[in-house]
Amino acid sequence: MRLVFAAMLLAGLLALAPARGEEGWPQPCPAAPNQYLALPKAHAALAAGKKLTILAFGSSSTEGSGASDPAHAYPAQLEARLRAAFPGHEVQVLNRGKGGQEVAEMLARLEGDVLAAHPTLVIWQAGANAVLRGMAPEQFSAAMALGIARIRASGAELVLMDSQRAPRILSAPNWERFDAALGQLSLDSQVPLFSRATLMRAWAEAGTPSDAMLGPDGLHHNDRGYACLAEALARSLTEALGPARIAGR
């Protein structure tokens with residue numbers, strides 16, 4: 001029994017461990033303020049002992065482009081952290097990211113890839129490819145509003161996620177308007193926004209510039225960036241989901 005307990009403790013510590021550098025030494029994530037997420041349905045589901053299914057929906061930075069393997073993409077990292085935070089509860093994070101897609105292409109697979117899974121919570125990352133393809137911000141907003149309405153009508157809760165601070169995005173015209181569009185959609189729809197822009201600015205202010213969290217393509221996160229994104233998101237979700245009990249206890 002002691003060996004089993006020790007193995008479980010080690011697994012939990014490894015799940016919460018910081019990203020590691022090239023030589024294998026831990027690289028702690030820079031400090032960043034918590035981002036408040038109001039998720040009453042997901043909180044109630046977890047408190048009732050129900051399975052918590054979180055679906056990560058988006059494009060390449062959800063799929064994990066730039067990560068060394070799928071286990072280092074942010075959804076897998078997030079699942080490990082939430083399972084460690086809520087022992088005894090069934091928590092699953094599904095990765096439904098598909099590289100290169102903008103919002104219209106994501107809407108085309110919304111039914112089959114998202115709603116059919118009956119998630120408790122959807123985390124929708126969007127905006128980067130719309131910027132890079134020169135999509136009109138008004139068209140982006142309209143398509144996102146349609147998707148938000150469909151996800152909420154299914155009964156799932158939703159968190160929006162904006163784009164990473166990356167040279168290829170910041171050098172594109174009108175990129176600020178897409179951040180503003182997601183912020184306005186969050187306000188209008190009363191859907192919480194987890195802002196990578198805010199997160200990466202905080203990292204930079206703490207002494208870790210954006211390029212330390214990005215790969216050589218100047219666009220996608222590296223392993224450390226994905227791990228620290230998952231760590232920050234897990235903190236916000238853990239606060240939103242609150243103390244949870246195991247049903248029957």
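Predicted, not measured: the structure shown is a model, and the values here were computed from it.

Student: Even after reading the chapter, I still don't get the state of the cysteines, so can you show me in this structure?
Tutor: Taken as a whole and judged by the stated rule, the model has 1 disulfide. The disulfide bridge from Cys29 ends at Cys228, spanning 2.1 Å between sulfur atoms. Linking Cys29 and Cys228, the disulfide has an S-S dihedral of approximately -90 degrees and is accordingly described as left-handed. Placement of the pair is Cys29 in the loop between strand E2 (26–27) and helix H2 (40–47) and Cys228 in helix H12 (residues 223–241), with a sequence separation of 199 residues. The residues Cys29 and Cys228 share a single accessibility class, namely buried.

Student: I would appreciate a short explanation of the nonpolar core in the present structure.
Tutor: Residues Leu78, Ile123, Trp124, Phe140 and Leu237 are the most contacted members of the largest nonpolar core, which totals 71 residues. It is H12 that contributes the most residues to this core, 10 residues altogether. Excluding anything up to four places from it in sequence, Ile123 contacts Ile54, Leu55, Ala56, Phe57, Tyr74, Leu78, Val159, Met161, Leu233 and Leu237.

Student: I tried to follow the sheet that holds strand E6 (residues 157–161) on my own but got confused; where do I start?
Tutor: Either a parallel or an antiparallel arrangement is found when strands of a sheet pair, and the pairing is made through backbone hydrogen bonds. A sheet is described by the order of its strands in space; here 5 strands give the open sequence E4-E3-E5-E6-E7, paired in parallel fashion. Unpaired on one side and paired on the other, strand E4 (91–97) and strand E7 (193–194) mark the two borders of the sheet. Sheet topology note: the strand E3 (residues 52–58)/E4 ladder contains 7 bridges and is parallel. Residue Phe57 lies in a different strand from E4, and its bridge partner there is Arg96.

Calculation notes
Residues numbered from 1 in each chain as written. Predicted model: local features only at pLDDT ≥ 70, side-chain atom pairs only at ≥ 80, totals over all residues. Heavy atoms only, no water. Disulfide = S-S within 2.5 Å. Helix = DSSP H or I, 4+ residues; strand = E, 2+ residues; numbered from the N terminus. Buried < 20%, exposed > 50% of the residue type's maximum accessible area, 1.4 Å probe, protein only. Core = buried A, V, L, I, M, F, W, Y, C linked by side-chain atoms within 4.5 Å. Contact = heavy atoms within 4.5 Å. Pairing = 2+ DSSP bridges.

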